[in-house]
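The chain contents come next:
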Amino acid sequence: MNIPEIKKQFIDIYGGNESAIRLFTSPGRVNLIGEHVDYCGGPVFPAALTMKTTIAARKRSDNIIRLKATDLDIMVETNTSGMEKLKGQLKWGDYQIGVAVELSKAGYDICGCDLLYDDTTPHGGGLSSSAAIEISTALMFATFSNEKNGISSPVDMIEMAKLGQAAEHNFIGVNCGIMDQFASAMGKANHAIYLDCATLDYEHIPLNLGRYCLVLSNTNKKHSLGSSKYNERRMECEEGLNALKTVMPGITQLADVSVLDFEKNKAVIKNEVVRKRIRHVVYECDRVHKSVDALKSGDLITFGRLMNESHTSLQFDYEVSCDELDCLASEALKIDGVLGSRMTGAGFGGCTVSIVDKSSVDTFKEILGKIYADKFGYEASFYVSEIGDGGKEVK
Ligand code: GLA
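On a predicted model such as this, the values are computed, not experimentally measured, just so you know.

Asker: Looking at this structure, I do not really get the site of the ligand. What am I missing?
Answerer: Taken together, R29, E35, H36, D38, Y39, C176, G177, M179, D180, Y230, G345 and A346 form the complete shell of residues around the ligand. One nitrogen or oxygen atom from the main chain of G177 is found 2.9 Å from an oxygen atom belonging to the ligand. Here an oxygen atom of the ligand sits 2.5 Å away from a polar atom, N or O, in the side chain of Y230. Contact with the protein chains hides 97% of the accessible area of the ligand, taken as 310 Å² for the molecule alone.

Asker: I would appreciate a short explanation of the sheet that holds strand β2 (residues 43-44) in the present structure.
Answerer: Within a sheet, adjacent strands bond to each other through the backbone by hydrogen bonds, running parallel or antiparallel. Within the open sheet, the 3 strands sit side by side as β2-β7-β8. Their pairing is antiparallel. Each edge of the sheet is formed by a strand with only one pairing partner; in this case those strands are β2 and β8 (202-206). Of the strand pairs in this sheet, strand β7 (residues 191-196) and β8 are connected by 5 bridges, and their pairing is antiparallel. Within β8, the position partnered with A192 by the bridge is I205.

Asker: Any chance you could explain the packing of helix α3 (residues 129-148) against helix α4 (residues 157-172) here in plain terms?
Answerer: A pair of packed helices is captured by two measures, namely the crossing angle of their axes and the spacing between those axes. Where α3 contacts α4, the axes come no closer than 9 Å and their chain directions differ by 125 degrees. Taken together, the axis directions place α3 and α4 in an arrangement best described as oblique. The element α3 and its partner α4 pack so that their crossing is right-handed. Across the interface between the two elements, S130, E134, I135, A138, L139 and A142 of α3 pack against M157, M160, A161, G164 and E168 of α4. A per-class count over the contact of α3 with α4 returns 7 nonpolar, 2 polar and 2 charged.

Asker: Is there a simple way to explain the sheet that holds strand β3 (residues 46-59) in this structure?
Answerer: What the 6 strands build is an open sheet, ordered β5-β4-β6-β3-β1-β13; its pairing is mixed. Where the open sheet ends on each side, the last strands, each with one partner, are β5 (75-79) and β13 (392-394). Between one strand axis and the next, the sheet turns by 25 degrees as a mean value, whatever way the strands run. Judged from the 9 bridges that link them, strand β1 (residues 22-31) and β3 form a sheet pairing that is antiparallel. Note that in β3 the partner of R29 across the bridge is A48. Contacts from helix α1 (residues 3-14) reach β1, β3, β4 (64-69), β5, β6 (113-119) and β13, with the element oriented near 140 degrees to β6. With respect to the sheet, helix α5 (residues 179-186) is in contact with β1 and β3, its orientation differing from that of β1 by roughly 130 degrees.

Quick notes on the rules
Residues numbered from 1 in each chain as written. Predicted model: local features only at pLDDT ≥ 70, side-chain atom pairs only at ≥ 80, totals over all residues. Heavy atoms only, no water. Near = heavy atom within 4 Å. Polar contact = N/O pair within 3.5 Å; in protein donor to acceptor, adjacent residues only side chain to side chain. Areas by Shrake-Rupley, 256 points an atom, 1.4 Å probe, with all protein chains shown as cover. Pairing = 2+ DSSP bridges. Helix = DSSP H or I, 4+ residues; strand = E, 2+ residues; numbered from the N terminus. Axes fitted to C-alpha atoms, helices over the stretch in contact; angles between N-to-C directions. Parallel < 35°, antiparallel > 145°, perpendicular 65-115°, else oblique. Left-handed = near helix turned anticlockwise from the far one by under 90°. Contact = heavy atoms within 4.5 Å. Nonpolar A, V, L, I, M, F, W, Y, C, P; charged D, E, K, R; others polar.

By themselves, these observations are geometric and do not establish any function.
What follows is the structure in structure tokens.
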């Protein structure tokens, strides 16, 4: 929906007029490379999309919060003191309430408000529609809290990213890393973010793709991050780290282990599956550094090759891909003008990201779309992705 439509729907639902409606927005993200390494203290390389969540919000004079989405019939109503009780109870609205709970714990004054959410990031597409909701919500509540308390400094977006992640851990039950929330909070148009997930040091790197563009191919297979697989991988990483620590006592996280260290010491990881998981993490961290160097020097061929290696590693070593993603990634590479293709996000469904010559985009969609529909019996969707800004109030 566009902004006038969102405002109109807001007034239809909650009454009143446009004057006190505020708009907050935050994007989904694509991760270019550095998959399943954020929770190991590794480097990642995501970029914010222009697909986003927009919230139309109006403060209330009491402590009631009402939430509604433009495309859902449900309305959630709570008061600011009853939010924690909603954990595990909501069909929709848990990201919003989870964030409000975390902000409240961090000392923010959560005020009553009427809210209407509009999402353009596809749900379950691995493009962090949930982080888009979390960061826009966090920014909105923090802005209102600061206004109430006479604080004029801008909202600390890195703190919002951390609180969004805390909501995932404590309210949703997914033990995710910081990448998605950070990218949604700190994105910059036409730039990717080179982020060290251990220190949160980051650098915006211009995404100069020349005659190429990024195409997202959505399997339209719903993935469920909450499924135990994600948390299982985290435990396997913990097990591998503990094994390596017996011979490398100085390490605190897997990102501290170089490729050479791993190859020298891998035999201490007795469990073969866990060894594969760790191999993925160690080599993927290495690929991120190489990718950033390649992009900085305009070497898209190398960047594309590293993306392909990343997919293979996620497919066979980390085992978070699926037939649908593998089909999209491998068939993409057979098309002229494609430099690289890999799954992006948590996996088990969702999207691939490919680097495609702009003049080949139509052929890409046509060929890949047909192969996919023939094989799986339903359609994939394609988006040429533009890289947008992080969370902000729209004035
Ligand atoms: C999900 C999580 C992120 C990250 C990715 C995999 O998107 O939210 O923290 O772990 O999966 O790279």
